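Residues per chain are reported as follows:
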Amino acid sequence: ASSELKRIRSQIRNVNNRIRDKLDSFIRSQKASRYLQESIITLRSGRFVVPVKQELRSSVPGIVHDRSASGLTLFIEPMPIVDLNNELTSLAGKEKEEVERVLGELSSMVGAARIEILQALRALAAIDFALAKGRLSIDMNAVEPDVASTRHLRIREGRHPLLAGDVLPIDVELGKDFRTLVVTGPNTGGKTVTL
């Protein structure tokens, strides 16, 4: 998003690697293996720590950040990596500030183009609506009505759009030879559909 953000993230990767290298060599050492509950590196409160046996806490100088539920393990940030963890925390803050700056800049650009964006959105909505109507008409085998200025109505092979299956079409004409139409029949829903 920006050269500054790229630089900060590159520094974060470098510091992360340096921390991991130091902790890897620490947990692999013969001396440290006696003090560790497990030979793993983990995170507590955004800080890299190692799990140390509670009874051997004084053997690993550092800052205690957490303890296990059983209380048998302490998660300690060894003193040799405290400065590196501090540097990582500082870089994380700088990264957040730069991300917010970039997002603010992008938001300003979007705000400056709001009229064009709204016009494009309206045009896309109109195109999407026309496409949806076209697809629906194809699915329903529908045709666009030919609307005339005369007071004559003629529907050929009309079907209710929500009925599926073997629907019997109906032909209805009104207004040419007569102006009144009576729809009768048994209560099977056909009259309602026709109306």
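For the structure, see preceding data.
Residues numbered from 1 in each chain as written. Predicted model: local features only at pLDDT ≥ 70, side-chain atom pairs only at ≥ 80, totals over all residues. Heavy atoms only, no water.

Over its 27 residues, helix H4 (residues 114-140) runs 38 Å from end to end, which matches the ideal 39 Å to within 8%, given 1.5 Å per residue. Looking one or two residues past H4, asparagine 141 carries a phi angle of roughly 55°, positive in sign. (Helix = DSSP H or I, 4+ residues; strand = E, 2+ residues; numbered from the N terminus. Expected span 1.5 Å × (residues − 1).)

Of all the 7 residues making up strand E2 (residues 47-53), 6 are buried; the element is thus mostly covered by neighbouring parts of the structure. As judged from the 3 bridges shared by strand E1 (residues 42-44) and E2, these two strands associate in the antiparallel manner. Along E2, the bridge assignment pairs arginine 44 with arginine 47. Count of turn residues in the E1/E2 antiparallel hairpin: 2 residues, of which serine 45 carries a positive phi of about 55°. Note that E2 and strand E4 (residues 73-78) share 4 bridges and pair antiparallel. (Buried < 20%, exposed > 50% of the residue type's maximum accessible area, 1.4 Å probe, protein only. Pairing = 2+ DSSP bridges.)

Turning next to helix H3 (residues 82-112). Between its terminal C-alpha atoms H3 stretches 45 Å, which fits the 45 Å expected from 31 residues at 1.5 Å a residue. For H3, every residue scored as buried is listed here: Val82, Leu84, Asn85, Leu88, Leu91, Glu98 and Val102. The inward-facing, buried residues of H3 abut helix H1 (3-28), E2, strand E3 (62-67) and E4. (Contact = heavy atoms within 4.5 Å.)

Okay, the packing of H1 against H3 next. Viewed as axis vectors pointing N to C, H1 and H3 meet at an angle of 160°, and their least axial separation amounts to 9 Å. Considering the angle they form, H1 stands roughly antiparallel to H3. Regarding H1 and H3, the two cross each other, and that crossing is left-handed. Only Leu84, Asn85, Glu87, Leu88, Leu91, Ala92, Lys94, Glu95, Glu98 and Val99 of H3 make contact with H1, whose side of the interface consists of Glu4, Leu5, Ile8, Arg9, Gln11, Ile12, Val15, Asn16, Arg18, Ile19 and Lys22. (Axes fitted to C-alpha atoms, helices over the stretch in contact; angles between N-to-C directions. Parallel < 35°, antiparallel > 145°, perpendicular 65-115°, else oblique. Left-handed = near helix turned anticlockwise from the far one by under 90°.)

Moving on: the packing of aromatic side chains. Applying the stated criterion to the full structure yields 0 aromatic pairs. The residue whose ring lies beneath arginine 44 is phenylalanine 75, and the NZ or CZ to ring-centre distance is 3.8 Å. (Phe/Tyr/Trp six-rings, centres within 6.5 Å; stacked < 30°, edge-to-face > 60°. Lys NZ or Arg CZ within 6 Å of the ring centre and 35° of its normal.)

Moving on, we come to the packing of H3 against H4. In the contact formed by H3 and H4, the axes pass within 5 Å of each other and the chain directions differ by 65°. Here H3 lies roughly perpendicular to H4, going by the angle between them. Here H3 contributes Val110, Gly111 and Ala112 to the contact with H4, which in turn contributes Arg114, Glu116 and Ile117.

That is the geometry; function is a separate question.
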